[in-house]
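Take a look at the letters that make up each chain.
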Amino acid sequence: MKNRNLRSIIRYGAAVLGMALMLGGCGEQAVESSAPSSQAVESSTVAEDVVKEPAKNAFFESMVGEWELLAEVGEEYVYTVDESESIGSLVIYQEGDKYRADYYLSAYESGTEIYGAPLKEESGTYFQDYFKADKYALMDRKSEYGGAYSIKTNDDGTLLLQYHRDYSYTYDDGEVEEYFYDAYYVYSKKDAPNRAELMDSYRYKQTVTVTNAVELYNAIHNNTHIILKAGTYNLSTILDRFKNNEDINYYYYDGEYCESYGDSIYVPYLRDIFIEGEEGAEVLICTEDPGVAPLEFYNCNNIILKNLTVGHEVEPGHCSGSVLCFDSSYTITIENCRLYGSGTYGIEAYGCSNLDVKDCDIYECTEGLVSLPGSYYVEFSNCKLRDSSEYSMINLPDAYYVDFNHCSFTGNRCLSEFNPFIYAGDAFCISFTDCTFRDNYYSELYAGEVIMTRCVIDDNK
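## Concerning the overall build of the chain
Tallying secondary structure elements over the chain gives 5 helices and 40 strands in all. In the chain, the share of contacts with a sequence separation of at least 24, taken over all contacts with a separation of at least 6, comes to 56%. Carbon and sulfur atoms make up 47% of the accessible area of the chain, which amounts to about 24,100 Å² in all.

## Describing the side chain of Ser 371
Here Ser 371 lies in strand E27 (residues 370–371). Looking at Ser 371, its side chain comes within polar contact range of the side chain of Asn 395, at 3.1 Å. Contacts of Ser 371, omitting those with residues within four sequence positions, involve Tyr 345, Ile 347, Glu 348, Ala 349 and Asn 395.

## As for the environment of Lys 243
As for its placement among the helices and strands, Lys 243 is situated in the loop between strand E12 (231–234) and strand E13 (250–253). The class of Lys 243 is partly exposed, set by a relative accessible area of 22%. In this structure, Lys 243 is in contact with Tyr 217, Asn 218, Ile 238 and Gly 262, ignoring residues within four places of it in sequence.

## Section: the nonpolar core
The biggest cluster of nonpolar side chains holds 69 residues, and the ones touching the most others in it are Phe 380, Ile 394 and Phe 409. For this core, the leading source of residues is helix H5 (residues 213–219), giving 4 residues. Dropping the residues within four chain positions of it, Phe 380 is found in contact with Ile 347, Val 357, Ile 362, Val 370, Leu 372, Asp 403, Phe 404, Asn 405 and Cys 407. In this structure, Met 63, Ala 101, Leu 105 and Leu 159 belong to the second largest nonpolar core, which totals 25 residues.

## Some details on the sheet that holds strand E39 (residues 450–453)
The pairing of strands in a sheet comes from backbone hydrogen bonds and takes either a parallel or an antiparallel form. As summarised here, the arrangement of the 10 strands in space is E10-E11-E16-E19-E22-E25-E28-E32-E36-E39, forming an open sheet in which the pairing is parallel. Taken across any chain shown, the strands that pair with only one partner, and hence form the sheet edges, are strand E10 (206–210) and E39. For this sheet the average axis-to-axis angle between neighbouring strands, irrespective of direction, equals 10 degrees. With 5 bridges joining them, E10 and strand E11 (residues 224–228) adopt parallel strand pairing. Across the sheet, residue Val 210 finds its bridge partner in E11, namely Leu 228.

## Regarding the pattern of salt bridges
For the coordinates displayed, the defined rule picks out 12 salt bridges. Note that Arg 100 and Glu 95 form a salt bridge whose closest N and O atoms lie 2.9 Å from each other. Classification of Arg 100 by relative accessible area gives buried; the value is 17%. Take Glu 95: its relative accessible area is 44%, and that puts it in the partly exposed class. The structure contains a network of salt bridges with shared partners spanning Arg 203, Arg 271 and Asp 272.

## Describing the confidence of the model for the chain
Here the chain shows a mean pLDDT of 82. Residues at 70 or above account for 80%. Here residues 1–44 is a poorly scored stretch, pLDDT under 50, and it has 11 contacts once near neighbours within four places are set aside; other chains count.

## As for the sheet that holds strand E20 (residues 309–312)
Read from one edge to the other, the open sheet built from 9 strands follows the order E12-E17-E20-E23-E26-E29-E33-E37-E40, with strand pairing classed as parallel. The sheet terminates laterally at E12 and strand E40 (456–458), the two strands that pair on one side only. In this sheet, neighbouring strand axes are inclined to one another by 10 degrees on average, regardless of whether the strands run parallel or antiparallel. In this sheet, E40 lies alongside strand E37 (residues 436–438) in parallel orientation, the contact comprising 3 bridges. Looking across to E40, one finds that Arg 438 is bridged to Asp 458.

## Digging into the packing of aromatic side chains
In this structure the tally under the stated criterion is 26 aromatic pairs. Plain terms: the ring middles of Tyr 400 and Tyr 401 are 5.9 Å apart, the flat faces sit at 70 degrees to each other, and that makes the pair edge-to-face. Between the aromatic rings of Phe 409 and Phe 421, the centroid separation amounts to 6.0 Å while the plane-to-plane angle is 80 degrees, which identifies the pairing as edge-to-face. Residue Phe 409 is located in strand E33 (residues 408–410), and its partner Phe 421 is located in the loop between strand E34 (413–414) and strand E35 (422–424); the two are separated by 12 residues in the primary sequence. For the pair shown, Phe 409 and Phe 421 are each scored as buried. Three or more aromatic residues link up through ring pairs in this structure, and these residues are Phe 380, Phe 404, Phe 409, Phe 421, Phe 432, Phe 437 and Tyr 442. A cation over an aromatic ring shows up here: Arg 386 above the ring of Tyr 363, its NZ or CZ 4.3 Å from the ring centre. The ring of Tyr 441 is capped by Arg 413, whose NZ or CZ atom sits 5.3 Å from the centre of that ring.

## Quick word on unusual backbone geometry
Even without a glycine there, the phi angle at Tyr 269 is positive, about 60 degrees. Note that Tyr 269 resides in the loop between strand E15 (265–268) and strand E16 (271–277). Among the residues examined, Tyr 269 registers a relative accessible area of 38% and is labelled partly exposed. A positive phi is found at Asp 439, a non-glycine position, where the angle reads about 60 degrees. The residue Asp 439 is located in the loop between E37 and strand E38 (446–448) in this model.

## Digging into a negative patch on the surface
Among the surface-exposed residues, Asp 166, Asp 172, Asp 173, Glu 175, Glu 177 and Glu 178 lie close enough to one another that they form a single negatively charged patch. Positionally, Glu 177 belongs in strand E9 (residues 176–189).

## As for the environment of Leu 305
Within the secondary structure, Leu 305 is located in strand E19 (residues 301–306). Ignoring any residue separated from it by four or fewer positions in sequence, one finds Leu 305 in contact with Ile 275, Leu 295, Phe 297, Leu 324, Phe 326, Thr 333, Ile 334, Glu 335 and Cys 337.

## Let's talk about the environment of Phe 428
Mapped onto the elements, Phe 428 comes out in strand E36 (residues 428–433). Residue classification places Phe 428 among the partly exposed residues on the basis of a relative accessible area of 38%. Linking Phe 428 and Val 402, residues 26 residues apart in sequence, is a C-alpha distance of 8.3 Å. Setting aside its immediate chain neighbours within four residues, Phe 428 contacts Ala 399, Tyr 400 and Tyr 401.

Conventions adopted
- Numbering of residues begins from 1 in every chain and follows the order in which that chain's sequence is written.
- Reporting in this predicted model follows two pLDDT cut-offs: at least 70 for local features of residues, and 80 or more for side-chain atom pairs to be given and counted; totals over whole chains, interfaces and linings ignore these cut-offs and use all residues.
- Excluded from the side-chain calculation are hydrogens and water; included are all heavy atoms of the structure.
- Helix numbers and strand numbers start at the N terminus; a helix is a DSSP run of H or I with at least 4 residues, a strand a run of E with at least 2.
- Note on contacts: a residue pair qualifies if any of its non-hydrogen atoms lie within 4.5 Å across the two residues.
- Per-residue and other accessible areas follow the Shrake-Rupley method at a 1.4 Å probe size, with only the shown protein chains counted as cover for residues.
- The term polar contact refers here to a pair of N or O atoms within 3.5 Å; inside protein, the definition further demands a hydrogen-donor-capable atom paired with an acceptor-capable atom, and it admits residues adjacent in sequence only when both atoms are side-chain atoms.
- Working definition: with a 1.4 Å probe on protein chains only, accessible area under 20% of the residue-type maximum means buried, over 50% means exposed, and in between means partly exposed.
- To define a nonpolar core, start from buried Ala, Val, Leu, Ile, Met, Phe, Trp, Tyr and Cys residues and group those joined through side-chain atoms within 4.5 Å.
- Here the rule is simple: two strands pair whenever DSSP picks up at least two bridges between them.
- Angles run from 0 to 180 degrees between N-to-C directions of axes, and those axes are lines fitted to C-alpha atoms, restricted for helices to the stretch in contact.
- By definition, a salt bridge exists where a carboxyl oxygen of Asp or Glu is found within 4 Å of a side-chain nitrogen of Lys or Arg.
- The predictor rates its confidence in each residue with pLDDT, a number between 0 and 100.
- Two rings from Phe, Tyr or Trp (for Trp, the six-membered ring) form a pair when their centres sit within 6.5 Å of each other. Planes less than 30 degrees apart are called stacked, planes more than 60 degrees apart edge-to-face, and all others tilted.
- We count a charge as sitting over a ring when the NZ of a lysine or the CZ of an arginine lies within 6 Å of the ring centre and within 35 degrees of the ring normal.
- Residues form patches when they are more than 30% accessible in relative terms and have no salt bridge. Like charges link within 9 Å. Nonpolar side chains (Val, Leu, Ile, Met, Phe, Trp, Tyr) link within 5 Å.
- Positive charges come from Lys and Arg alone, negative charges from Asp and Glu alone, with His and the N- and C-terminal ends not counted.
- Where a charge sits is defined by one atom per residue type, namely NZ (Lys), CZ (Arg), CG (Asp) or CD (Glu).

Next up, the structure:
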C-alpha cells in the first residue's frame, strides 16, 4: 500500500512539473490553482505517515543512552570498577515501537554479551528487598545460564541492574535443593562529568574521622574513607588490648591465620581504602619498630594515601623495613606525601600494578629511594627524591612500563661501585622525562634499558 501511494506521489509530482513547464512561457496567463486535488490531499497524508516517529515511553526514555559499569554492590560489599578489573557496558535505545538493550560484561577472560534484547515494563517488588522499585524494566532475553536481568533507575542518576538466577542441586540420595544467585551492578552515563564523585559515593560506604593511633588502627576496613586530624600517630604506642580490628595485622600461613607482630599497620586482602590527612593539617604516621614498614598492604586494591608524613622514629641506619610497602596489590595512589627514613626504601612494591605517585617528597632513606621488583604500570610525577644513600637509588628488576615525569633527584649517594643509580636489569619500557639529576654521586647512572628524554644531568660522578 505504501509503495503504491508513493508511486502516486511521484506521478502527481511529475504532472505538476509538466503543467509548470507548459505554462512557463505564458507569463501572466499562468493561473495558480487555489484548491488542491483530492489526490494531492491523500498524498500529503501518506507523506506524513512515512516520516512519523514511533511514540515515546517516558519510563524507558529515562534509561535511553550509553552506560558504563561503575560498581558491583551488595549488602556486605562494594567492588568498584578500575582499569585492571572487569568492565561492562549497557546501551538502551528505541527501535521502532520497542525499547531494546545491548548488554556486555567482561570479567577477566570470560564474559556475557546480549544484543537487541527487548525491554518489558514491570511493576512491584522484584526478588530481594535490595531491588525494591515501583517500576523496573525486564530484559526479555536470558543469559546462557538462564538468569534474568532487571533494570531500574536510581535517584542519583545511575542505573541498577540485577542479575538473578534460580538453580538446583541434586544429591546422591535424590534430594533436590533449590538455590538462587543475585548480583547487582551500578552504571553511570558514559562520559558522565560526575563519574568520579559517583564512584566515591559507592566506593566508600563510610567516612571516619580519627584523632589518635588507636582510632586509626581500628578504623581500617573495606570501603572506608579515613580522615586524620592534625597530630602524631605513633603506632608503637598502641597497647594490644586496644587493638580491636580483625581485618588487619594477620597473615595466612600453612592453612592458618597468624597474627602479624610489630608496631605497624599490616593490611591484607582489603580494598577501597582512602587514608588522608585533613586538608591543611600536619599528620605524622610513624613507628619506633625498625623491622617493619609503618604501613604495609598485601593483596589489596584501590588504596589511596594522601596528605601524610610517614616514617620511622629510630636512629638512621638501624632500619630493616621500608616506609611504605606493597605486595601483590594494584590501583594504588600516593599523593602529596612525605616519606622519610631511616626506612630502607621510601616505597617498596613487589609484583604490583597501576601505582601512581605524585607530588611526593622521598628522603633520607638508608638503602635507596624506590624499589619495584616485578611491578608494572607505575608513574612518578612531580616528585622530589633526595638525600638518601647506599645502594641503587631506583631499583627496578623485572619491572616494566615505569615512568618518572618532572621529578628531581638531588643529594643521593650510591656508595658501592657495583650499584648504578638506576638498576633496570631485565626491565623494559623504563623512562625518565623532564627530570633533573643534580649533586648525586654514583659510578654509573643506569644499567639496563632506560630512556632519558629532556633530562638535566649535573651530578658528581
